[in-house]
Amino acid sequence: MENKQNLQVIENLYNAFATGDMPTVLGSMDPAIEWSEAESNSLADGNPYVGPNAILEGVFARLGANHEHFGLKDVKIHGMNNNKVLATLRYDAKVKATGKAYNAQAAHLWTLNNEGKITAFQQFVDTKKLADAEK
């Protein structure tokens, strides 16, 4: 796919995530997607999550269950070669169990196939901020 189309797929995914439209988020993924959370992130215990259902249960459901709110802020999408897209952003969230809020710098590396489906995701995040909010 052309870089512009890849950027649109990822922009649509972030817009859908922001409105809670999980069918659109999951529908943008290839059935065999491999999703990896950043090392030392508490959600990395399932790496790699394979397939949209594993991501829904292992990542998104846990984020929802563990947070009073979890939002993505200042999302900037950058086109790259070889069907890759980089997003830089911040997580704005509050952990239910501790009542601690955090605003953490993050980056997401997305890989798409020629049909515009996401085949891989790698998260990079300030895991210390996340861990500090969880204890």
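Up top you'll find the structure we're talking about.
Described below are features of the structure shown in this document.

Conventions adopted
- Residues numbered from 1 in each chain as written.
- Predicted model: local features only at pLDDT ≥ 70, side-chain atom pairs only at ≥ 80, totals over all residues.
- Heavy atoms only, no water.
- Phe/Tyr/Trp six-rings, centres within 6.5 Å; stacked < 30°, edge-to-face > 60°.
- Helix = DSSP H or I, 4+ residues; strand = E, 2+ residues; numbered from the N terminus.
- Buried < 20%, exposed > 50% of the residue type's maximum accessible area, 1.4 Å probe, protein only.
- Expected span 1.5 Å × (residues − 1).
- Arc of directions from axis to C-beta.
- Contact = heavy atoms within 4.5 Å.

Under the counting rule described, the total for this entry stands at 7 aromatic pairs. Between Trp35 and Phe60, the ring centres sit 5.5 Å apart and the planes meet at 80°, which makes this aromatic pair edge-to-face. You can see Trp35 sitting in strand β1 (residues 29-36) and its partner Phe60 sitting in helix α3 (residues 52-66), a full 25 residues away along the chain. Owing to a relative accessible area of 4%, Trp35 belongs among the buried residues under this scheme. Considering the side-chain rings of Trp35 and Phe121, the 3.7 Å spacing of their centres and the 20° angle between planes classify their relative orientation as stacked. With Trp35 in strand β1 and Phe121 in strand β6 (residues 118-125), this pair connects stretches of sequence that are 86 residues apart. By relative accessible area, Phe121 is classed as buried at 4%. Taken together, Tyr14, Phe17, Trp35, Phe60, Trp110 and Phe121 form an aromatic cluster joined through their ring pairs.

Compared with an ideal rise of 1.5 Å per residue, which puts 16 residues at 22 Å, helix α1 (residues 3-18) spans 23 Å between its outermost C-alpha atoms and is within 8% of the ideal. Within the span of α1, buried status applies to Asn6, Val9, Ile10, Leu13, Tyr14 and Ala16. The buried residues of α1 occupy one face: seen down the axis, they fall within an arc of 165°. Facing away from the buried side of α1 by over 90 degrees, the exposed positions are Lys4 and Ala18. Elements in contact with the buried residues of α1: α2 (22-27), β3 (67-79), β4 (84-95), β5 (101-112) and β6.

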